[in-house]
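Close look at the chain arrangement
Take a look at the letters that make up each chain.
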Amino acid sequence: MGLLSRILGLGQPSSKQVAKDRLQLVLIHDRVRISPAQMEALKQELLGVVSRYFDVDTAGVEVTFSQHQRENRLVAEMPVLPEARRQKGR
Amino acid sequence: MGRVITVTSGKGGVGKTTATANIAAALAAQGHKVVAIDGDIGLRNLDVVLGLENRIVFDLVDVAEGRCRVRQALIRDKRTPELFLLPASQTRDKDALRPEQMVEVCDQLREDFEFIVVDSPAGIEGGFRVALAPADQVVIVTTPEVSAVRDADRVVGLVEAAEKGPALLVINRVKANMVRRGDMLGPEDVQEILSIELLGMVPEDEAVVVSSNRGLPLVMDGAHPAGKAFSDIALRLSGVEVPMTDLSDDGSIWSRIVRFVRQR
């Protein structure tokens, strides 16, 4: 990394950005009072329920929180495989 | 009827007492009748920051327990005649006061004062609950550091749960040069994370230490940047619209170049 880009703070994220990212992550768990382990358990259970109705591409499953102001929203994204393969649970 | 403003933070050492002293002194200097209450029972400090420690006879716990009338415990600041202090007890502990006693004391003071500014102890336990109980408005003080912002976020949630929200935010000890070079959370970052209204930001200022050495609130002592920031905060609390001073931008060509390059 050149001197100029070091002076300008390019190349690696500023410590301010690192602080902000860390805070946002830690506050999600503080606010909803859920540990990463519990989040993982929730994800597995959600996956279990949804899989009874759809074929889910498990590799693409994401369960996160989104924030708007001080409202926290649970967002589950589960890629569903094409209908031809969806015949379960009915 | 007076308004009760409780100043709190969660984390200790972020400048709660300094903020309380200066907001109260500024409101008084602006012509309002103000009483500052030290809610930190057992660890009182508002008296020394205001330079009134030698005149204490009775304290908040004496008033709450009926050993004296509230007027007997009030100390008038001779330099700012509209400013009074109701000191904490130094010999009792945090459990010496119940929330309903604090509400009762504040209700008596509402009749005579326009503003009652309560300095909350650090933490989120009993003492904080006592300071929160009488509040019409809560001011949360934080610094632009991860630990302080995290604790402030917890307090924002507790204030909302107690139906005392939305709280207002004061960001203290902002180091403009560190914000500029991307090594400190800027006021807009902290405000975005906490999502509560920004009441003011206070620059890091060595004069704060000097003023607490002397027991003379900054706002009484000339035109220091931090004193100006606290005066603006006091004006906003009394309903005057004052634009925020942009601390992160000194207007120099260098800071513009850095910002320009970063944005790309």
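Let us look at the structure shown here. All of these numbers come straight from a predicted model, not from anything done at the bench. (Residues numbered from 1 in each chain as written. Chains lettered and ligands numbered in written order. Predicted model: local features only at pLDDT ≥ 70, side-chain atom pairs only at ≥ 80, totals over all residues. Heavy atoms only, no water.)

**Focus: the overall build of chain A**
- Along its length, chain A carries three helices and two strands.
- Seen in sequence order, chain A has helices and strands lined up from the N terminus as α-α-α-β-β.
- Counting only residues that meet the buried cut, chain A has 21% of its 90 residues in that class.
- Taking all contacts inside chain A whose residues are at least 6 apart in sequence as the whole, residues at least 24 apart take part in 48%.
- Here chain A has roughly 6,400 Å² of accessible surface; of this, 53% comes from carbon and sulfur atoms. (Helix = DSSP H or I, 4+ residues; strand = E, 2+ residues; numbered from the N terminus. Buried < 20%, exposed > 50% of the residue type's maximum accessible area, 1.4 Å probe, protein only. Contact = heavy atoms within 4.5 Å. Areas by Shrake-Rupley, 256 points an atom, 1.4 Å probe, with all protein chains shown as cover.)

**Some points on the pairing of strand S1 (residues 3-8) of chain B**
Residues and elements named next belong to chain B.
- Among the six residues that make up S1, five are buried, leaving the element largely enclosed by the rest of the structure.
- As paired elements, S1 and strand S5 (residues 115-119) share five bridges and run parallel to each other. Residue pairing for S5: Val4 is matched across the bridge by Ile116.
- Across four bridges, S1 lies against strand S6 (residues 137-142) in parallel orientation. Looking at the pairing, Ile5 lines up with Gln137 of S6. (Pairing = 2+ DSSP bridges.)

**Observations concerning the nonpolar core**
Residue and element names in this part refer to chain B.
- In this structure, Val34, Leu50, Ile233 and Leu237 are the most contacted members of the largest nonpolar core, which totals 39 residues.
- With eight residues, helix H1 (residues 16-29) is the single largest residue contributor to this core.
- In this structure Val34 touches Ala24, Leu27, Ala28, Glu82, Leu83, Phe84, Phe113, Phe115 and Val117, once residues within four positions along its chain are discounted. (Core = buried A, V, L, I, M, F, W, Y, C linked by side-chain atoms within 4.5 Å.)

**Examining the pairing of strand S1 (residues 62-68) of chain A**
All names here are of chain A.
- In this structure, S1 lies alongside strand S2 (residues 71-77), joined through seven bridges in antiparallel fashion. Residue Gln67 lies in a different strand from S2, and its bridge partner there is Asn72.
- With antiparallel pairing between neighbouring strands as the criterion, S1 and S2 make up a hairpin whose turn holds two residues, including Gln69 at a positive phi of roughly 55°.

Geometric descriptors of this kind do not, in isolation, establish any biological role.
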